[in-house]
Amino acid sequence: MYRFLRPVLGLLAVPLAAGAAELRELSTDRPDQTESPQTVDAGHWQIETDLVNYTRDHNRTGGGDLVTRDLTVGAIDLKYGLTDRMDVQVVVDPYVNSRVTDRMAGLTTRASGFGEVTTRLKFNFWGNDGGSTACAIMPFVKWPLSASGVRNGETEGGVMLILGYELPAGWGSAMMTEVEWVDDGAGGRDVEWVNSITFAHDLTARLGGYVELFTVTGKAPGCKWQVQFDVGLTYAVSPDIQLDAGCNFALTRAAPDFQPFVGFSRRF
């Protein structure tokens, strides 16, 4: 699977297209699950990637006993600044490996391959160039690629509203609310709501940390409230390169048990 990392790691060696002094401070939608209200500078590219992302979930609902393990390698969010307030994004999962074990039946199902593709458009209402608050909206659509063991083959989409703001003592925070229309497995759509809040603080000149509360609920029959507590670190290699690592932990039974990851972001 290491071959999927080569194109991603190679970007670290690409020379900068423009001096960092000409650009705004680097702002990324990762590593927390709350998106940023800032957009990429007009005419510039930015790539944000999960080098490795692993999710484990143990589901005992309905008298069952299922353990799901998902591994995503090289997931990419490729962005381009269209204007001073708008960027377009393509999110791609180039390799997903999923394993589901039914402990009661003693059976394991495996699937792997190219995952989903999603297009997003972020528009910043205010705060792109400074200020104590910032706000943006981001609609998105998942492409209806052919169904496979790691894709559902359906068009899905939604819209996010993001608010960022400064706090005392060097803290920063952002809140996100999202509505999403997802496939219900029977030819229809269910509605899901996502709400999150994150708090971040610089630990040193280059090292930063965050904590986050992330929730998902929906209207589907039997849908359970998912709540996660997330922690992570970021490290600024340069004004245009950021490394990160973290883990998301379940606070309710319906949420994935844990989700560690490492990744990086690069502007050019």
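These notes cover the structure that comes with them. Everything numeric in this text was worked out from a predicted model, so none of it was measured.

1. Thoughts on the packing of aromatic side chains
Enumeration over the complete set of coordinates arrives at three aromatic pairs. Ring centres 4.7 Å apart and planes at 50° place the aromatic pair Trp45 and Tyr80 in the tilted group. Taken together, the positions of Trp45 in strand β1 (residues 45-59) and Tyr80 in strand β2 (residues 66-81) put the pair 35 residues apart, joining distant regions of the chain. Accessibility expressed as a relative area gives 27% for Tyr80, which makes it partly exposed. Ring centres 5.4 Å apart and planes at 80° place the aromatic pair Phe123 and Phe125 in the edge-to-face group. Its relative accessible area of 29% is what places Phe123 among the partly exposed residues.

2. Notes on the side chain of Gln46
Of note, Gln46 is situated in strand β1. Within the local environment of Gln46, its side chain forms a polar contact with the backbone oxygen of Ser27, the two atoms lying 3.0 Å apart. Leave out the neighbours within four places in its chain, and Gln46 touches Leu26, Ser27, Thr28, Val40, Asp77, Leu78, Lys79, Arg266 and Arg267.

3. Focus on the environment of Leu167
Positionally, Leu167 belongs in the loop between β8 (156-166) and β9 (171-183). Counting along the chain gives 43 residues from Leu167 to Asn124, while the straight-line C-alpha distance between them is 20 Å. The residues contacting Leu167, other than those within four sequence positions of it, are Gly172, Ser173 and Phe199.

4. What about the pattern of salt bridges?
Enumeration over the complete set of coordinates arrives at 17 salt bridges. For Asp244, the salt bridge identified is with Arg30, shortest N-O distance 2.7 Å. Pair noted here: Asp244 is in strand β13 (residues 241-250) and Arg30 is in the loop between α1 (6-10) and β1, with a separation of 214 residues, a long-range link. When the shortest N-O distance is used, the salt bridge between Glu154 and Arg189 registers 3.8 Å. Placement of Glu154 in the loop between β7 (133-142) and β8 and of Arg189 in strand β10 (residues 189-202) is noted, with a sequence separation of 35 residues between them. Through salt bridges with shared partners, one network takes in Asp29, Glu35, Glu48, Asp77, Lys79, Arg120 and Lys122.

5. As for unusual backbone geometry
Glycine aside, residues mostly have negative phi angles, and peptide bonds mostly take the trans form. Omega for the bond connecting Arg30 with Pro31 falls within 30 degrees of zero, at 5°, which places this linkage in the cis form. Tracing the backbone shows Pro31 in the loop between α1 and β1. Residue Ala169 is not a glycine yet carries a positive backbone phi of 60°.

6. Remarks on the nonpolar core
Met138, Phe140, Met160, Ile162, Met176, Val194, Phe214 and Val216 together form the largest nonpolar core, which totals eight residues. Once residues within four sequence positions are removed from consideration, Met160 is found in contact with Glu35, Arg120, Ala136, Ile137, Met138, Phe140, Met176, Thr177 and Glu178.

7. Some details on the pairing of β9
Sheet topology note: the β8/β9 ladder contains ten bridges and is antiparallel. Bridge assignment links Met160 to a residue of β9, and that residue is Glu178. In this structure, β9 lies alongside β10, joined through 13 bridges in antiparallel fashion. Directly across from Thr177, in β10, lies its bridge partner Asn195. The hairpin turn running from β9 into β10, its antiparallel successor, is five residues long, and Gly185 in that turn takes a positive phi close to 80°.

8. Structural notes on the environment of Ile162
Examined against the element boundaries, Ile162 turns out to sit in strand β8. On the accessibility criterion, Ile162 (0% relative accessible area) is buried. It is 8.2 Å that separates the C-alpha atoms of Ile162 and Ala134, two residues lying 28 residues apart in sequence. Those residues in contact with Ile162 that lie beyond four places of it in its chain are Glu35, Ser36, Pro37, Ala134, Cys135, Ala136, Met138, Met175 and Met176.

About the thresholds
- Residues numbered from 1 in each chain as written.
- Predicted model: local features only at pLDDT ≥ 70, side-chain atom pairs only at ≥ 80, totals over all residues.
- Heavy atoms only, no water.
- Phe/Tyr/Trp six-rings, centres within 6.5 Å; stacked < 30°, edge-to-face > 60°.
- Helix = DSSP H or I, 4+ residues; strand = E, 2+ residues; numbered from the N terminus.
- Buried < 20%, exposed > 50% of the residue type's maximum accessible area, 1.4 Å probe, protein only.
- Polar contact = N/O pair within 3.5 Å; in protein donor to acceptor, adjacent residues only side chain to side chain.
- Contact = heavy atoms within 4.5 Å.
- Salt bridge = Lys/Arg side-chain N within 4 Å of Asp/Glu carboxyl O.
- Core = buried A, V, L, I, M, F, W, Y, C linked by side-chain atoms within 4.5 Å.
- Pairing = 2+ DSSP bridges.

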